[in-house]
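Structural overview
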Amino acid sequence: YNTFVIRQEFELALEGGQYAISDLVDLGDIGTGAVKAKSLRWQDPYRKMVYAADQPSIIDLSAKVTDCVRAAIQQADVYIITLGLTEVWKNAANGLYINQAPKFAGDRFTFVESTYEQNYENIARVCSLVAKHYPTKRIILTVSPVPLTRTFTGRDVVVANTESKCTLRTVAARISKEFSNVTYWPSYEIALARDLFLEDGRHVRQDGIDLIVDQFIKVHA
């Protein structure tokens, strides 16, 4: 999830509301693969893999997901928020952002190479909402060590990934200094420093995951 979608989820959870009918997407006949095979014509594009066969079903399913997220945010003692990427897609019709590159109905969305200022504003908004509603709850920020596999910027993917991670890491640093209830956890740095990746160069090995989680528990528990 990008910082825009994270912000949208916290705003729905803590400020009220649901995604409107007009926010949901009718894929028509342009779906592919399993989605088309199962006649899953409608999509909630703000979450991952939320499809339904008809409009009433997607409205109901989207509302249930919102309710689940709201309940989780209300009941959680601590929030661990992982920042992953800065390349995002915007729904031009409503100004909302989706959580991954569109596989369907792509012409309805506009690519945005988000800036440091935008990502900072998003996470600052999330932290402010938490402080407003739950002033004693803490937030732990991390940056995902998983790199981009492709970029829509036209630049080399390694260069684009470095820019993206540096932007988010700098956002996390500033936020953790400005908000007393926010802590940064260096899973990104641990993975890179120890070279804890599988042969694909993207995903962290199981022993690397164990190391990061064990250290996290030692520090925070």
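Predicted, not measured: the structure shown is a model, and the values here were computed from it.

**Here's the deal with the overall build of the chain**
Within the chain one finds seven helices and nine strands. On C-alpha atoms alone, the chain measures out to a radius of gyration of 18 Å, which is about the 17 Å that the 2.2 N^0.38 rule sets for 221 residues. Projected onto its principal axes, the C-alpha positions of the chain cover 50 × 40 × 30 Å. Taking all 221 residues of the chain together, the buried fraction comes to 43%. The contacts in the chain between residues at least 6 apart in sequence include a share of 66% that link residues at least 24 apart.

**Description of the sheet that holds strand β8 (residues 138-143)**
Read from one edge to the other, the open sheet built from three strands follows the order β4-β8-β9, with strand pairing classed as parallel. Only two strands of the sheet have a single partner each, and these edge strands are β4 (78-83) and β9 (182-184). For this sheet, the mean inter-axis angle between neighbouring strands, taken without regard to orientation, is 25 degrees. Pairing geometry for β4 and β8, over six bridges, is parallel. Considered in β8, the bridge of Val 78 is made with Arg 138.

**Notes on the layout of surface pockets**
In this structure, the largest pocket encloses a volume near 810 Å³. Around the largest pocket sit 29 residues that line it, and Tyr 1, Lys 48, Leu 85, Asn 99 and Gln 100 are the ones nearest its centre. In terms of residues, the lining of the largest pocket owes the most to one element, β4, which gives four residues. Broken down by class, the residue content of the lining of the largest pocket amounts to 15 nonpolar, six polar and eight charged.

**A closer look at the side chain of Thr 66**
As for its position among the elements, Thr 66 is in helix α3 (residues 55-75). Here Thr 66 is in contact with Leu 12, Gly 17, Gln 18 and Arg 47, once residues within four sequence places are set aside.

**Here we look at the packing of aromatic side chains**
Evaluation of the coordinates by the stated rule reveals eight aromatic pairs. Here Phe 4 and Tyr 97 contribute two aromatic rings whose centre-to-centre distance is 3.9 Å and whose plane-to-plane angle is 25 degrees, an arrangement assigned as stacked. One end of the pair, Phe 4, is in helix α1 (residues 3-15); the other, Tyr 97, is in strand β6 (residues 97-98), with 93 residues separating them in the sequence. Like Tyr 97, Phe 4 is buried.

**Comments concerning the environment of Lys 132**
Tracing the backbone shows Lys 132 in helix α4 (residues 116-133). Each C-alpha atom, one on Lys 132 and one on Leu 14, is 9.5 Å from the other, the two residues being 118 residues apart in sequence.

**Thoughts on the pattern of salt bridges**
This model, assessed by the stated rule, comprises 15 salt bridges. Residue Glu 163 pairs with Arg 155 through a salt bridge whose shortest N-O separation is 2.8 Å. Judged by its relative accessible area of 31%, Arg 155 falls in the partly exposed class. The salt bridge involving Arg 205 is made with Asp 207; its shortest N-O contact spans 2.9 Å. Taking relative accessible area as the criterion, Asp 207 reaches 43% and is therefore assigned partly exposed. Here the residues in one salt-bridge network are Arg 7, Glu 11, Glu 15, Glu 121, Arg 125 and Lys 132, joined through shared partners.

Rules and cut-offs
- Residues numbered from 1 in each chain as written.
- Predicted model: local features only at pLDDT ≥ 70, side-chain atom pairs only at ≥ 80, totals over all residues.
- Heavy atoms only, no water.
- Helix = DSSP H or I, 4+ residues; strand = E, 2+ residues; numbered from the N terminus.
- Rg over C-alpha atoms; globule rule 2.2 N^0.38 Å.
- Buried < 20%, exposed > 50% of the residue type's maximum accessible area, 1.4 Å probe, protein only.
- Contact = heavy atoms within 4.5 Å.
- Pairing = 2+ DSSP bridges.
- Axes fitted to C-alpha atoms, helices over the stretch in contact; angles between N-to-C directions.
- 1 Å grid on protein atoms, 1.4 Å probe; cavity = no way out; pocket = protein on both sides within 12 Å on 5 of 7 lines; lining within 4 Å.
- Points joined across faces, edges and corners; volume = space filled by probe spheres on them.
- Nonpolar A, V, L, I, M, F, W, Y, C, P; charged D, E, K, R; others polar.
- Phe/Tyr/Trp six-rings, centres within 6.5 Å; stacked < 30°, edge-to-face > 60°.
- Salt bridge = Lys/Arg side-chain N within 4 Å of Asp/Glu carboxyl O.

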